[in-house]
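A look at the structure
Here's the letter readout for the chains.
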Amino acid sequence: MARVTRCSIGVLSLFAFTWILPVQAAWKLEPDASHVDATVVEITPEGPVPHQHRIHQLEGSIDNEGNLSMPLRLNQLEAMETLEPLPSWFSRVADRPAATVITHIPPQRLDELAVGETLTETLQFKAESQVEKERQAPVELRFTRESPDLIRVTNAQRIVLDGQQIMANSNARTILQLLGYEQLGDEIPITLEAVLRNSDGMSDPE
């Protein structure tokens, strides 16, 4: 009986210890307010023509270790909506993640950020795909806490993709040709605007 009692006390103590541990904020991307904008320059016989494109409804959450995994699907590209109805096979492909972007954000830095304060961090972004090798690049981002449960994220430096490198990728080239592009300019500037929301409301620094 004493043995059972000691065991029960141990279990209760473990639960009590869990309750008093500091809890990391459950920061999640808010899809309706999170997107990437790109300026794609089409090379035509009449000269370069810029086009604006958006990847919207970005999704992902930051775990207790600070890992953020953000899957990207073709149907998040707004321009795809102009191509409907798409072939059934392409619609199925468009609903599946084409790539996953992974990075690490120190969660304590976000939790300690006071309302009105801004933090600039250089994060290492990694893109994983089943059809091409892993790519990595550092990106400097700006985090601004606008309220106890909301942090706005924007790029703190100019981000440029290589247009020729993108056209060299067979999958990317297929999508661009569907959109009517045959030749691109050398640079594709992109901007990020995202909102991280603390869904549990437990992070509120003074």
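Quick note: structure is the one above.
In what follows, the accompanying structure is described. Worth saying up front: this structure is predicted, and the values here are computed from it rather than measured. (Residues numbered from 1 in each chain as written. Predicted model: local features only at pLDDT ≥ 70, side-chain atom pairs only at ≥ 80, totals over all residues. Heavy atoms only, no water.)

**Concerning the overall build of the protein chain**
We count it as follows: Helix numbers and strand numbers start at the N terminus; a helix is a DSSP run of H or I with at least 4 residues, a strand a run of E with at least 2. Three exposure classes are used, based on accessible area relative to the maximum for each residue type with a 1.4 Å probe and protein chains only: buried under 20%, partly exposed in between, and exposed over 50%. Contacts were defined at the residue level, with two residues in contact if any of their heavy atoms lie within 4.5 Å. In short, Shrake-Rupley with a 1.4 Å probe defines the accessible areas, and a residue's cover is counted only from the protein chains shown.
Scanning the protein chain for helices and strands turns up five helices and 10 strands. The proportion of buried residues among the 206 residues of the protein chain is 33%. Counting contacts in the protein chain only where the partners sit at least 6 residues apart, residues at least 24 apart contribute 61% of the total. Accessible surface, the protein chain as shown: approximately 12600 Å² in total, 55% of it carbon and sulfur.

**Thoughts on the side chain of Arg 145**
The condition that has to hold: Identification of polar contacts relies on pairs of N or O atoms within 3.5 Å, with a donor-acceptor requirement for protein atoms, meaning one able to donate a hydrogen and the other able to accept it, and with residues adjacent in sequence counted only if both atoms are side-chain atoms.
Position of Arg 145 among the secondary structure elements: in strand S7 (residues 135-147). On the accessibility criterion, Arg 145 (1% relative accessible area) is buried. A distance of 3.2 Å separates a polar side-chain atom of Arg 145 from the backbone oxygen of Leu 110.

**Examining the pattern of salt bridges**
In plain terms, the rule: Counted as salt bridges are all cases of a side-chain nitrogen of Lys or Arg within 4 Å of a carboxyl oxygen of Asp or Glu.
Enumeration according to the criterion identifies nine salt bridges in this entry. With a closest N to O distance of 3.9 Å, Arg 73 and Glu 59 form a salt bridge. Placement of the pair is Arg 73 in strand S4 (residues 67-73) and Glu 59 in the loop between strand S3 (47-55) and S4, with a sequence separation of 14 residues. Owing to a relative accessible area of 34%, Glu 59 belongs among the partly exposed residues under this scheme. Linking Arg 109 and Glu 121 is a salt bridge whose minimum nitrogen-to-oxygen distance equals 2.5 Å.

**Points about unusual backbone geometry**
Peptide bonds are, in most cases, trans, and in most cases residues other than glycine have a negative phi. For Gln 57, which is not a glycine, the phi torsion comes out positive at approximately 55 degrees. Among the structural elements, Gln 57 can be located in the loop between S3 and S4.

**A look at the nonpolar core**
Condition: What we call a nonpolar core is a set of buried Ala, Val, Leu, Ile, Met, Phe, Trp, Tyr and Cys residues that are connected through their side-chain atoms within 4.5 Å.
If you look at the biggest cluster of nonpolar residues, it comprises 31 residues, and the most contacted ones within it are Leu 110, Leu 141, Phe 143, Ile 151, Val 153 and Leu 196. If you list the elements that add at least two residues to this core, you get strand S1 (27-29), strand S2 (35-44), S4, strand S6 (118-128), S7, strand S8 (150-155) and strand S10 (187-198). Sort the elements by how many residues they give to this core and S10 lands first, with five residues. Sequence-distant contacts of Leu 141, defined by excluding residues within four places in its chain, comprise Leu 119, Thr 120, Glu 121, Leu 123, Phe 125, Val 153, Thr 154, Asn 155, Ala 156 and Leu 192. Residues Leu 74, Leu 77, Ala 79 and Ala 94 belong to the second largest nonpolar core, which totals six residues.

**Some remarks on the environment of Glu 187**
For Glu 187, the position within the fold is in strand S10. Separated by 26 residues in the primary sequence, Glu 187 and Leu 161 place their C-alpha atoms 5.8 Å from one another. Not counting residues within four places of it along the chain, the set of residues in contact with Glu 187 comprises Thr 39, Arg 158, Val 160, Leu 161 and Gly 163. Within the structure, the side chain of Glu 187 is placed 3.2 Å from the side chain of Arg 158, a separation counted as a polar contact.

**Brief notes about the environment of Asn 171**
For Asn 171, the position within the fold is in helix H5 (residues 170-178). Linking Asn 171 and Ala 98, residues 73 residues apart in sequence, is a C-alpha distance of 9.6 Å.

**Thoughts on the environment of Gly 116**
Within the secondary structure, Gly 116 sits in the loop between helix H3 (107-112) and S6. Owing to a relative accessible area of 60%, Gly 116 belongs among the exposed residues under this scheme. Remark: the alpha-carbon pair of Gly 116 and Pro 148, spanning 32 residues in sequence, is separated by 9.7 Å.

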